[in-house]
Amino acid sequence: PRTQSPDGKWFGFNQEELAKKRGTYLNPVHFRAQYYNDPNDVDNSPIQRSLFQYYNPAFLVGKGGSWFYNRERLNVVAAVDFAFSVKKNADSTSIVVIGVDGLFNYYILEIDRFKTDKISDYYQHILKLYERWGFRKLRAEVSVAQAVIVKDLKDNYIRKNGLSLAIEEFRPSRWQGSKEERIMSTLEPKYANHQIWHYQSGNTQILEEELIYTNPAHDDVKDALASAVDFA
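Computed from a predicted structure; not experimentally measured.

Considerations on the side chain of S66
Part 1 of the reasoning: The topology assignment puts S66 in strand β4 (residues 66-69).
Part 2 of the reasoning: Looking at S66, the relative accessible area reads 13%, which means it is buried.
Part 3 of the reasoning: Within the local environment of S66, its side chain forms a polar contact with the side chain of R73, the two groups lying 3.0 Å apart.
Part 4 of the reasoning: Other than its neighbours up to four places away in sequence, S66 contacts V61 and R73.

Brief notes about the packing of helix α3 (residues 119-133) against helix α4 (residues 144-158)
Part 1 of the reasoning: Following both chains from N to C, one finds α3 and α4 inclined at 70 degrees, their axes separated by 10 Å at the closest point. By the angle between their directions, the pair α3 and α4 is classed as roughly perpendicular. Of the residues in α4, those touching α3 at I119, S120, Y122, Y123 and I126 are I149, D152, L153, Y157 and I158.
Part 2 of the reasoning: Broken down by class, the residue content of the contact of α3 with α4 amounts to 8 nonpolar, 1 polar and 1 charged.

Side note on the packing of helix α5 (residues 179-192) against helix α7 (residues 220-231)
Part 1 of the reasoning: Relative orientation of the contacting elements α5 and α7 amounts to 65 degrees, with a least axis distance of 9 Å. Taken as a pair, α5 and α7 cross one another with a handedness that is left-handed. Residue-level inspection shows K179, E180, I183, T186, L187, K190 and Y191 of α5 in contact with α7, the latter providing K222, D223, L225, A226, V229 and D230.
Part 2 of the reasoning: Residues that form the contact of α5 with α7 fall into these classes: 6 nonpolar, 1 polar and 6 charged.

Description of unusual backbone geometry
Part 1 of the reasoning: A positive phi angle, near 75 degrees, is found at R71, a position not held by glycine.
Part 2 of the reasoning: Locating R71 in the fold gives a position in the loop between β4 and β5 (72-81).
Part 3 of the reasoning: The class of R71 is exposed, set by a relative accessible area of 82%.
Part 4 of the reasoning: The residue F104 is not glycine, and still its phi comes out positive at about 60 degrees.

Focus: the pattern of salt bridges
Part 1 of the reasoning: Scanning the model with the defined rule gives 12 salt bridges in all.
Part 2 of the reasoning: Between E208 and R49 there is a salt bridge, with its nearest N and O atoms 3.7 Å apart. Of this pair, E208 sits in helix α6 (residues 204-212) while R49 sits in the loop between α2 (28-36) and β3 (60-63), and the two are 159 residues apart along the sequence.
Part 3 of the reasoning: Using a relative accessible area of 47% as the deciding quantity, one classes R49 as partly exposed.

Notes on the pairing of β4
Two faces belong to every sheet, and in a regular strand the side chains alternate between them.
Part 1 of the reasoning: Strand direction decides the pairing type here: β3 and β4, joined by 4 bridges, are antiparallel. Bridged to V61 within β4 is F68.
Part 2 of the reasoning: The hairpin formed by β3 and β4 contains 2 residues between the paired strands, and G64 there has a positive phi angle of roughly 60 degrees.
Part 3 of the reasoning: Of the pairings in the sheet, the one linking β4 to β5 comprises 3 bridges and is antiparallel in character. Pairing of F68 across the sheet is with R73, part of β5.
Part 4 of the reasoning: Between the end of β4 and the start of β5, which pair antiparallel, lie 2 residues, with N70 showing a positive phi angle near 50 degrees.

Each value, and the rule that gives it
Here the residue numbers are simple positions, counted from 1 along each chain's written sequence. This being a predicted model, a pLDDT of at least 70 is required before a residue's local features are given, and a value of 80 or more before pairs of side-chain atoms are given or counted; all residues contribute to the totals for chains, interfaces and linings. Only hydrogens and water are removed before side-chain values are computed, so all heavy atoms of the structure are retained for them. Comment: elements are numbered from the N terminus, with helices defined as DSSP H or I runs of at least four residues and strands as E runs of at least two. Three labels apply to residues, based on accessible area from a 1.4 Å probe with only protein chains included: buried if under 20% of the type maximum, exposed if over 50%, partly exposed otherwise in between. Side-chain atoms alone can form a polar contact between residues adjacent in sequence; in general such a contact is a pair of N or O atoms within 3.5 Å, and within protein one must be able to donate a hydrogen while the other accepts it. Here a residue-residue contact requires only that any non-hydrogen atoms of the pair lie within 4.5 Å. For helices, the fitted axis covers only the stretch in contact; all axes are lines through C-alpha atoms, and the angles between them, taken along N-to-C directions, range from 0 to 180 degrees. Angular relationships are summarised with four words: roughly parallel below 35 degrees, roughly antiparallel beyond 145, roughly perpendicular across 65 to 115, and oblique for the angles in between. Think of it as three bins: nonpolar holds Ala, Val, Leu, Ile, Met, Phe, Trp, Tyr, Cys and Pro, charged holds Asp, Glu, Lys and Arg, and polar takes everything else, Gly as well. Crossing chirality is assigned from the near helix's rotation relative to the far helix, an anticlockwise turn below a right angle marking it left-handed and a clockwise turn marking it right-handed. In what follows, salt bridge is the name for a side-chain nitrogen of Lys or Arg lying within 4 Å of a carboxyl oxygen of Asp or Glu. Any two strands between which DSSP finds at least two bridges are classified as paired.

The structure is reproduced here in structure tokens:
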């Protein structure tokens, strides 16, 4: 707030002037970009930080090849968002593993995020998660380049090593909207209904920043999460 120091000088924001300037912007994001150097209007984000809730890993138990949370059995699936560029500013490849119980609570079990352009590296990351969580289905959104990656994984790695893992190739259609529209239409109602649960470590902070920011630097983790939730 605007205050006067003992020497008579004024410091701080004049709220009336600030309100007048804010009123000249039809889009609040433009105001924040101009005055705060931040293109993200977190106050008007459809997914607020207050919607994030965290489960207690002590209640997560693996038994007989299945996973349970608080004695409720989980159906475990995974989704991958492939990125085949290792440039510094490019998106990373993200794999999200989730478990959903009979009450439609979605528990984020693990988020793996990395950069590579080698098929063998993709396979090793998938294998590590597969052995830990035991999922039998993995969804992969495919474009032309990504389809080549998936085919190579199926033919030269998964089948040859005898993994009981099916990769579903997902090709979004135009009527499903833009990428951001598809992500938010899947995740926003689930968060609003308090159905999604995070864990407090690893790449969770990256996911949460992608969710609350209007223009995040990257969106690979929330894209993989939306795909996994939709798949489940």
